[in-house]
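Observations on chain architecture
Residues per chain, in single letters:
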Amino acid sequence: MSFIEPTGRQGVVEYRSPQGPSESWLARAAGIEAEVAQYFLVSARCGCFMQAARSLNVRATLLRKHLAQLEDQLQRSLFKFQGSSLTLSRDGQQLQARLIALVHERKLPVIEQPLIRLAVAESILHDILGRDLVSLLRRNASVRLDIISLDSELSLRAISADVVVWLAGTDSPLPGPSFAISEPQRLARLDYLPHIAKRYSRVAARPDSLGDLADFMLVQWQHDRHVGAFGPWNSLVEQRLAGVVQLHSYELMLEMIRCSACIGLLPHYMSQFDRGLVALPGLFKQPMQRQVWMAVNADSRNETEVQGIVELIHNTFSERREWFELIE
């Protein structure tokens, strides 16, 4: 049978099996390789070849190839499509029942996936790495990933992880993680500027001096209050007697800038991440910069899965090189 899942309405595919006692071909179930039996059982349970492949962390083409070979081996059609739904044929149902009965005897393997702990600065997780991590989970539904959001220096010092991505000064990765790590790698330098939503500010009326900010609400993420590099912005916010909002949520701060005519301090790449936001350069003479650093736990840096996460992070920053100054 074809192992291509249809998108349109189709009739039930009927299969006429060769004449002969059903017990004769079912007896061969015990000889099916454990890996192929697992491919069949997971596909039957998921009702979708793509989802089964994600669950098993294999390519869908490989899974379909093995199932097609299994059908050839047994000379039986095991699956059928009814409309767009994948179901088992009568022979497939019989094979499923037989394999389930053999599970305890054969101990079909369940491969335990190693737990990978990834700790990332909250803004970097939200703006840069989030989309590619979602793509990773779509490709591999069996991965075990513990994603830790870092929103302060205290949380960075308190966690233990396999891979850490954090923000620090441009010259030094300190303060960094408290556990043993490989030599920190520079990923990118970020410049920070005040931002406002385009829809709340016509080009001719956008503030171009600190005095012009008096008519605008300012919004500040609480974490930024303790960042030395943001001294000029923090001083401006602290001097405010009215028209300022302090927030503990990074996402809510972004939403207030987008929807409440607020001005907030954001990385310069934000206009790339959200085309509805625009930077306001020239308000501060002193540049406000931070460095993105990455390090790997010294005890797990050689593990294949950890190296895979490191490669994903490098690829993500490389693909977004136009967003910031990439450190080679």
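Preceding this paragraph is the structure being described.
Quick look at the structure, then. (Residues numbered from 1 in each chain as written. Predicted model: local features only at pLDDT ≥ 70, side-chain atom pairs only at ≥ 80, totals over all residues. Heavy atoms only, no water.)

Take the packing of helix α3 (residues 49-56) against helix α4 (residues 60-74) next. The interhelical angle for the contact between α3 and α4, taken along N-to-C directions, is 110°, at an axis separation of 9 Å. By the angle between their axes, α3 is roughly perpendicular relative to α4. Where α3 abuts α4, its residues F49, M50, A52, A53 and L56 lie against A60, L63, R64 and L67. For the contact of α3 with α4, the per-class residue count stands at 8 nonpolar, no polar and 1 charged. (Axes fitted to C-alpha atoms, helices over the stretch in contact; angles between N-to-C directions. Helix = DSSP H or I, 4+ residues; strand = E, 2+ residues; numbered from the N terminus. Parallel < 35°, antiparallel > 145°, perpendicular 65-115°, else oblique. Contact = heavy atoms within 4.5 Å. Nonpolar A, V, L, I, M, F, W, Y, C, P; charged D, E, K, R; others polar.)

Within helix α9 (residues 250-259), burial applies to Y250, M253, L254, M256 and I257. Angular distribution of buried residues about the axis of α9 spans 160°; they occupy a single face of the element. Two or three places before L252, at the start of α9, stands the capping residue S249, its side-chain oxygen 3.1 Å from that residue's backbone nitrogen. Among the residues trailing α9, A261 stands out with phi positive, at a value near 60°. (Buried < 20%, exposed > 50% of the residue type's maximum accessible area, 1.4 Å probe, protein only. Arc of directions from axis to C-beta. Polar contact = N/O pair within 3.5 Å; in protein donor to acceptor, adjacent residues only side chain to side chain.)

Here the focus is the packing of aromatic side chains. A full pass over the atoms with the stated rule returns 10 aromatic pairs. The rings of Y269, F273, F317, W323 and F324 are connected pair by pair, giving a single aromatic cluster. Across from the ring centre of W323, 5.7 Å away, lies the NZ or CZ of R320, which sits over that ring. (Phe/Tyr/Trp six-rings, centres within 6.5 Å; stacked < 30°, edge-to-face > 60°. Lys NZ or Arg CZ within 6 Å of the ring centre and 35° of its normal.)

On to the nonpolar core. If you look at the biggest cluster of nonpolar residues, it comprises 58 residues, and the most contacted ones within it are I124, W233, V292, I313 and F317. By size, the runner-up hydrophobic cluster in this structure holds 26 residues, among which are Y39, V42, F49 and L99. (Core = buried A, V, L, I, M, F, W, Y, C linked by side-chain atoms within 4.5 Å.)

Okay, the packing of helix α2 (residues 34-46) against α3 next. The interhelical angle for the contact between α2 and α3, taken along N-to-C directions, is 125°, at an axis separation of 8 Å. By the criterion of interaxial angle, the relationship of α2 to α3 is oblique. As for the relative orientation of α2 and α3, their crossing is right-handed in sense. Contacts between α2 and α3 involve Q38, Y39, V42, S43 and C46 from the former and F49, Q51, A52, S55 and L56 from the latter. Grouping the constituent residues of the contact of α2 with α3 by class yields 6 nonpolar, 4 polar and no charged. (Left-handed = near helix turned anticlockwise from the far one by under 90°.)

Looking along the chain, the bond that leaves L174 and enters P175 is cis, with omega of 0°. Along the chain, the position of P175 falls in the loop between β5 (163-168) and β6 (185-197). Non-glycine residue Q75 carries a positive phi angle of around 55°. By secondary structure assignment, the location of Q75 is in the loop between α4 and β1 (79-82). Its identity is not glycine, yet A261 carries a phi of approximately 60°, on the positive side.

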